[in-house]
Amino acid sequence: MDSDTIIHNNGGCHCRHVRWQVEAPTSVVAWKCNCSDCFMRGNTHFIVPRANFKLMTSSEQFLTTYTFGTHTARHMFCKFCGITSFYVPRSNPDGVTVTINCVDRGTLTHLEIRHFDGRNWEKSYDQTGITSFSKPDEEAR
C-alpha cells in the first residue's frame, strides 16, 4: 500500500458547517462495520491518530455528540445536516475515525476495505488488529 502521507484538506459534512483536516496516507485501510450505528448509516471509515486530525475552530459550535452502549465511542455530527463526518471510535479511543465519503475528492488514491464485525464486537476487536490504526507507528499493521 502507498505510504505517502498528505494533509487531506477541508473534509467535512454536507452543509460545510463542519470542516476539518486530516493527515493520512493517500492509500488507506478503510473499515466497513456492521454494528447497529454504522450499518444504518452505511459508514465506511479509516482511523488516524488523534494528533493527525484537526477540527477547524469555527466547526465545533455546529457539532453535537451521540453515545450509546458503553458510551466510549463519541459520534459527532453536524447539527444542521446530520452528517457524521468523523467520530472517536470505541475500538480506538486514542484516535479519530474519518468517514471516507466526507474526505474531499481527489486526495485518496486507494482504499483497502476491511470488515469489522460490530455485531460481534469483542471477537472482531480481538481478531482484526484495528487498535494499531490509531498509533503513530504504522509498522504495527
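Residues numbered from 1 in each chain as written. Predicted model: local features only at pLDDT ≥ 70, side-chain atom pairs only at ≥ 80, totals over all residues. Heavy atoms only, no water.

Here we look at the UniProt feature "domain: CENP-V/GFA" (unreviewed entry) in the protein chain
Sequence positions flagged by UniProt for "domain: CENP-V/GFA" (unreviewed entry) are, in local numbering, residues 9-122. Taken as a whole, residues 9-122 contains 7% helix and 45% strand, while its terminal C-alpha atoms sit 34 Å from one another. (UniProt positions renumbered as here; feature names shortened; annotations may be inferred. Helix = DSSP H or I, 4+ residues; strand = E, 2+ residues; numbered from the N terminus.)

Topic: the side chain of T44
Considering the arrangement of structural elements, one finds T44 in strand β4 (residues 44-49). For T44, a relative accessible area of 12% puts it in the buried group. Apart from residues no more than four positions distant in its own chain, T44 is found in contact with A30, W31, K32, V98, T99, I100 and I113. (Buried < 20%, exposed > 50% of the residue type's maximum accessible area, 1.4 Å probe, protein only. Contact = heavy atoms within 4.5 Å.)

Description of the pairing of strand β7 (residues 74-78)
By the bridge criterion, four bridges tie strand β6 (residues 63-66) to β7 in an arrangement that is antiparallel. In the strand pairing of β7, T64 is matched with F77. Here three bridges tie β7 to strand β8 (residues 86-88), and the two strands are oriented antiparallel to one another. Note that in β8 the partner of R74 across the bridge is V88. (Pairing = 2+ DSSP bridges.)

Quick look at the sheet that holds strand β3 (residues 27-33)
Reading across the sheet, the seven strands line up as β6-β7-β8-β9-β4-β3-β10 and stay open at both edges, with mixed pairing between neighbours. Of all the strands in the sheet, just β6 and β10 (110-116) have a single pairing partner and so form its edges. When the angles between neighbouring strand axes are averaged without regard to direction, this sheet yields 35°. Relative to the sheet, helix α2 (residues 121-128) contacts β3 and β10, its axis offset from that of β10 by approximately 135°. (Axes fitted to C-alpha atoms, helices over the stretch in contact; angles between N-to-C directions.)

Comments concerning the sheet that holds strand β2 (residues 19-25)
Pairing is antiparallel across the open sheet formed by three strands, whose spatial order is β1-β2-β5. If you trace the sheet from one side to the other, it starts and ends with β1 (5-12) and β5 (53-55), each paired once. Averaged over all pairs of adjacent strands, the angle between their axes in this sheet comes to 15°, without regard to strand direction. Here three bridges tie β2 to β5, and the two strands are oriented antiparallel to one another. Residue W20 lies in a different strand from β5, and its bridge partner there is L55.

Notes on the nonpolar core
One finds V18, W20, F46, F53, F86 and V98 to be the most contacted residues of the largest nonpolar core, which totals 21 residues. Elements represented by at least two residues in this core include exactly β2, β3, β4, β7, β8 and β9 (95-99). Considering each element in turn, this core owes the most residues, three residues, to β2. Every residue in contact with F53, bar those within four places of it in the chain, is listed here: W20, Q21, V22, V48, F86, V96 and V98. (Core = buried A, V, L, I, M, F, W, Y, C linked by side-chain atoms within 4.5 Å.)

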